[in-house]
Amino acid sequence: LSASPRVVVLLLSLLGLAAAGKLLVVPVDGSHWLSMREVLDMLRQKGHEVVVVAPEASLHIKPSKNFVMKMYSVPYTQEEMEKDFKAFFHIAFEEGSFFERLFKLFEGMKTVTNFGVSSCEWLLQNKELIGYLEESKFDGILTDPFIPCGAILAEHLSLPSMYFLRGVPCGLDFEATQCPNPPSYVPRVFTDLTDRMTFLQRVKNLLFGIPNVFLCDFAFQPYSKLASEFLQREVTVLDLLRKGSVWLMRLEFVLDYPRPLMPNIIPIGGVNCAHKELPQ
């Protein structure tokens, strides 16, 4: 599907067939939020009640008349976050060898992960806000699993979770949904390969996927620890993501290499950012 926001709204509207639903939203900042915000505006127009939980310091998440905003304090300032995020985004435009780019990516991921983990920790420790969420009787939760704090809340509140995402670091979405991801046919990031590879290129493609093993532990282990402490039982991020009810993937096979999809994965390519008509 090359879907419009209306397709997403139609899917989420199934939360309540006879009456409007009450949706808890735990977004991820940046471009992730710009994509999700357009959907939330249309959900509100359909009569659904939308409650967004977000940190006080954010790049783009701001209050709106179309949803209720519940904000919580975090131990960093707006200026600190903007400075480090700009440095991380700049990595994408730098040249260099694979290992140079990989090292810079790890350093940038470390900084960005620290913000996400810190924000999630302060949210889960906010007893007043958690109490409000427990009493609000939501019908479901919409979140971006790029930062799995929403998945932790979904488990705690026993809510069906809908994931709205472009992808998850280290391909954890493939594993959580049990989608095949063969290195013989699917080019890995940074390889500059296509789906037509020689034998040696396939070997190269396989080797380039090895760092994902370390990246997964690096990126998600802090959230697994947070989840285990908050839920008071041993749990991993993969355990939480496997319970996702619907995966709304912002995929477009004109840009992305074709891949197998499970029945609960719905491609909604084209819903990437709110767009405006360009002037002449």
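Here the structure is shown first, and the text comes after it.
Residues numbered from 1 in each chain as written. Predicted model: local features only at pLDDT ≥ 70, side-chain atom pairs only at ≥ 80, totals over all residues. Heavy atoms only, no water.

> Teacher, can you tell me more about the state of the cysteines here?
A covalent bond bridging the sulfur atoms of two cysteines is what the word disulfide describes. The full count for this structure, using the stated rule, is 2 disulfides. Disulfide partner of Cys 120: Cys 149, at an S-S distance of 2.2 Å. Around the S-S axis, the bridge from Cys 120 to Cys 149 shows a dihedral of about 90° and counts as right-handed. Of this pair, Cys 120 sits in helix 4 (residues 98-124) while Cys 149 sits in helix 6 (residues 149-157), and the two are 29 residues apart along the sequence. Residue Cys 120 is classed as buried on the basis of its relative accessible area, which comes to 1%. For Cys 149, a relative accessible area of 5% gives the class buried. One disulfide bridge connects Cys 170 with Cys 216, the sulfur atoms lying 1.9 Å from each other. Linking Cys 170 and Cys 216, the disulfide has an S-S dihedral of approximately 65° and is accordingly described as right-handed. With Cys 170 in the loop between strand 5 (161-165) and helix 7 (172-177) and Cys 216 in helix 9 (residues 211-231), the pair connects residues that are 46 residues apart, well separated along the chain. Among the residues examined, Cys 170 registers a relative accessible area of 14% and is labelled buried. Here the bonded cysteines of the protein are numbered in sequence order, and their pairing is 1-2, 3-4. (Disulfide = S-S within 2.5 Å. Helix = DSSP H or I, 4+ residues; strand = E, 2+ residues; numbered from the N terminus. Buried < 20%, exposed > 50% of the residue type's maximum accessible area, 1.4 Å probe, protein only.)

> What exactly am I supposed to notice about the sheet that holds strand 6 (residues 246-249) here?
Sheet strands associate in pairs through backbone hydrogen bonding, adopting either a parallel or an antiparallel arrangement. The strand order across the open sheet built from 7 strands is 3-2-1-4-5-6-7, with neighbouring strands paired in parallel fashion. The open sheet has two free edges, formed respectively by strand 3 (68-72) and strand 7 (265-267), since each of these has just one partner strand. Across the sheet, the mean angle from the axis of one strand to that of its neighbour is 20°, orientation sign disregarded. Bridging between strand 6 and strand 7 involves 3 bridges; their strand directions are parallel. What sits directly across from Trp 247, in strand 7, is Ile 265. Along the sheet face, helix 2 (residues 31-45) touches strand 1 (22-26), strand 2 (49-55), strand 4 (140-143) and strand 5 and points at about 155° away from the line of strand 2. (Pairing = 2+ DSSP bridges. Axes fitted to C-alpha atoms, helices over the stretch in contact; angles between N-to-C directions. Contact = heavy atoms within 4.5 Å.)

> Would you mind going over the environment of Val 25 with me for this structure?
Tracing the sequence through the fold places Val 25 in strand 1. Judged by its relative accessible area of 0%, Val 25 falls in the buried class. In sequence terms Val 25 and Met 36 are 11 residues apart; their C-alpha atoms lie 9.5 Å from each other. Excluding residues that lie within four positions of it along the chain, Val 25 makes contacts with Met 36, Leu 40, Val 50, Val 51, Val 52, Val 53 and Leu 142.

Interpretation in functional terms is not warranted from these geometric data alone.
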